[in-house]
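Residue-level listing of the chains:
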Number of protein chains: 6
Amino acid sequence: MDIRLIKAPGENTLRIISERSKYKIENKPGAIGLVQGKLIEMISASDIAEKSVGVEVFDVRGSCPQNFVLLAIVGDMEEVKVALENIRAGGDLRNGNC
Amino acid sequence: MDIRLIKAPGENTLRIISERSKYKIENKPGAIGLVQGKLIEMISASDIAEKSVGVEVFDVRGSCPQNFVLLAIVGDMEEVKVALENIRAGGDLRNGNC
Amino acid sequence: MDIRLIKAPGENTLRIISERSKYKIENKPGAIGLVQGKLIEMISASDIAEKSVGVEVFDVRGSCPQNFVLLAIVGDMEEVKVALENIRAGGDLRNGNC
Amino acid sequence: MDIRLIKAPGENTLRIISERSKYKIENKPGAIGLVQGKLIEMISASDIAEKSVGVEVFDVRGSCPQNFVLLAIVGDMEEVKVALENIRAGGDLRNGNC
Amino acid sequence: MDIRLIKAPGENTLRIISERSKYKIENKPGAIGLVQGKLIEMISASDIAEKSVGVEVFDVRGSCPQNFVLLAIVGDMEEVKVALENIRAGGDLRNGNC
Amino acid sequence: MDIRLIKAPGENTLRIISERSKYKIENKPGAIGLVQGKLIEMISASDIAEKSVGVEVFDVRGSCPQNFVLLAIVGDMEEVKVALENIRAGGDLRNGNC
């Protein structure tokens, strides 16, 4: 599972993401977190992110609405960071326990 | 074969799964089990889950109705857990015997 | 090449297979054998299975009618077992001789 | 590059191949040779087979007419064998020289 | 992540790229930088390139508008070089820090 | 990156290539060079081939016009050989320098 944090994403980056998801750019967010992995990992990560405070979670789709190629987590810098940390920790716990 | 257990799945997680399968969210389930692997593994896992008590089994589809990218097992926490354990055990037995 | 044997397949398992092939469920079969591998392996396996006694052979298709993602062998328990054994033996012979 | 030789292919095998290529079954052939590999390998193999005597060569297509997933070589047993040997030898020569 | 620099790209190269992106050839650019990798890497690289001076950034698409198979960075030789160096450095930093 | 040289390509080989590209067979060429690799490698190779003397360069497409699965270089034997050598050398230089 690959995880990236983009600080103050540029216009083009926001466009690339919004063209491929339900994400609509209204205000430029402080940060975007990205998670790429197996479908099962991204659904689990999505559930963890959804339970974090202050972020919005989007599934970035590939060549078809039903695809799911990337998870995008949008919010302020600190909140996105916490969501990504929760994903990293949750991922480890789950691998260990289940 | 990857196996994950999501406790009390969030709205967004349920939406991601139901948008890609015949699963309709009526009551928020206690847990969702996910299984991802080769098609042949997921069909075998699906058969084992189907024979477990108290769970519903769905094939999550990718870019096309005929695809099959993930198995979702919906039910109460304990019942989903048992289904996942049966899959894990069944998978081992089958690899050994057949 | 992966080979699996499902004894007394459940309704859901039969539905998953028949939704993706020309297989029509009339009577619940005693067993289903599944073979997944490279296209060239599955065509060879299909030819061996076709020459076995008492089984029906179907190509399970993925996202498109021309795809071929899995071989399904339907019949009674003993007959499906023999077909799978012939495939395993034939596969070895062919690798060795050709 | 995988190479297989099917002696006296069955009806179902011929159907699977002809459904995915321009090959039309008129008389049951003595043998079918199959070659699966990278596109560049299959085009080279196709050229070698085309220059062999007494065989017909078809590109088996996957999910789309432009795809090319398998090479089928149809003819009498001995002629198909020679074509496959030429492919194996030609492939080695080319790897060595070019 | 693969990175290439093409000096004074030819007509055919420009056509191949513009046929698969929103890039419109008006003046022949001094150089084109290409970046190929995982989706998450290319989005991060795109954000870094976008923040470089004097270059334009395009997502080259594959078989479908929503796909993203290659990042193209168009501009003068020195400016494209700097953008590619920033991507390489940024990629390392991100891997290290996040 | 795989590179192959086909001397005096047969009718079927030319058909397979022209069905999947803009290449129109008018006179049977002396040779066809083929290059298969990552998209980024094939675009770089295409640019080098385009700058070689006396050859025509085509992108062979897969299941969709925007795809690019193989590079075909058409011309006389010696000219195609030189183009392939330039690609091999250019590829090495680029890997080393950039």
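Structure first, text after, so check above.
Reading guide: rules and limits
- Residues numbered from 1 in each chain as written.
- Chains lettered and ligands numbered in written order.
- Predicted model: local features only at pLDDT ≥ 70, side-chain atom pairs only at ≥ 80, totals over all residues.
- Heavy atoms only, no water.
- Contact = heavy atoms within 4.5 Å.
- Buried area = accessible area lost by both parts, 1.4 Å probe.
- Salt bridge = Lys/Arg side-chain N within 4 Å of Asp/Glu carboxyl O.
- Polar contact = N/O pair within 3.5 Å; in protein donor to acceptor, adjacent residues only side chain to side chain.
- Helix = DSSP H or I, 4+ residues; strand = E, 2+ residues; numbered from the N terminus.
- Pairing = 2+ DSSP bridges.
- Axes fitted to C-alpha atoms, helices over the stretch in contact; angles between N-to-C directions.
- Least-squares fit on C-alpha atoms with pLDDT ≥ 70 in both.

**Student:** Got a minute to help me understand the interface of chain E and chain A in this structure?
**Tutor:** The figure often quoted for interface size is the accessible area lost as the parts come together. On the chain A side, the residues contacting the 22 residues of chain E number 26 residues. Both faces considered, chain E and chain A share a buried interface measuring about 2,100 Å² in area, 50% of it formed by carbon and sulfur atoms. Seen at the junction of chain E and chain A, the total is 5 salt bridges. Among the ionic pairs, D59(E) bridges to R15(A), the shortest N-O distance being 3.4 Å. Scanning the region where chain E abuts chain A turns up 14 residue pairs in polar contact (both at pLDDT 80 or more). Secondary-structure elements contributing two or more residues to the side of chain E that touches chain A are α2 (39–50), β3 (56–60) and α3 (77–97) of chain E.

**Student:** I would appreciate a short explanation of the sheet that holds strand β3 (residues 56–60) of chain C in the present structure.
**Tutor:** Backbone-to-backbone hydrogen bonds join strands into a sheet, with any given pair of strands oriented parallel or antiparallel. Read from one edge of the open sheet, 4 strands run β1-β2-β4-β3 (chain C), paired in antiparallel fashion. In this open sheet, the two strands that pair with only one neighbour each are β1 (2–7) and β3 of chain C. Averaged over neighbouring strand pairs, the angle between their axes works out to 20° when direction is ignored. Summarising the sheet, β1(C) and strand β2 (residues 31–36) of chain C pair through 6 bridges and their orientation is antiparallel. Directly across from I6(C), in β2(C), lies its bridge partner I32(C). The strands touched by helix α2 (residues 39–50) of chain B within the sheet are β1, β2 and β4 (70–75) of chain C, with β1(C) carrying the most contacts at an inclination of about 15°.

**Student:** Whenever I open this one, the interface of chain C and chain B confuses me. Can you help?
**Tutor:** Each partner contributes residues to the interface: chain C has 26 residues there, and chain B has 22 residues. Of the roughly 2,100 Å² buried between chain C and chain B on both sides combined, carbon and sulfur atoms contribute 51%. When the buried area of chain C at its contact with chain B is split by residue, R4(C), I16(C) and R20(C) rank highest and sum to 31% of it. Linking chain C with chain B are 5 salt bridges, by the criterion used here. Ionic pairing is found between D59(B) and R20(C), a salt bridge with its closest N-O pair at 2.8 Å. Where chain C meets chain B, there are 14 residue pairs in polar contact (both at pLDDT 80 or more). Sorting the residues of the side of chain C that touches chain B by element identifies β1, α1 (11–18) and β2 of chain C as the ones contributing at least two each.

**Student:** I keep staring at the relation of the copies chain E and chain A and nothing clicks. Help me out?
**Tutor:** One copy of the chain maps onto the other through a rotation about an axis plus a displacement along that axis. The two copies are related by a screw motion: chain E maps onto chain A through a turn of 60° and a shift of 0.0 Å along the axis, at an RMSD of 0.0 Å. What the superposition gives is, in effect, a six-fold axis relating one chain to the other. In this assembly the copies use different faces: only 5% of the residues contributing to the interface of chain E also contribute to that of chain A.

**Student:** Looking at this structure, how should I read the sheet that holds strand β4 (residues 70–75) of chain E?
**Tutor:** The sheet built from 4 strands is open, its strands ordered β1-β2-β4-β3 (chain E) with antiparallel pairing. A single partner strand is all that each edge strand has here, and the edge strands are β1 (2–7) and β3 of chain E. Each strand of the sheet is rotated relative to its neighbour by a mean of 20°, with strand direction disregarded. Helix-sheet contacts for helix α1 (residues 11–18) of chain E involve β1, β2 (31–36), β3 and β4 of chain E, and the interaxial angle to β2(E) is about 45°. Seen against the sheet, helix α2 (residues 39–50) of chain F touches β1, β2 and β4 of chain E and runs at an angle of roughly 15° to β1(E).

These results come straight from atomic positions and should not be treated as a statement about function.
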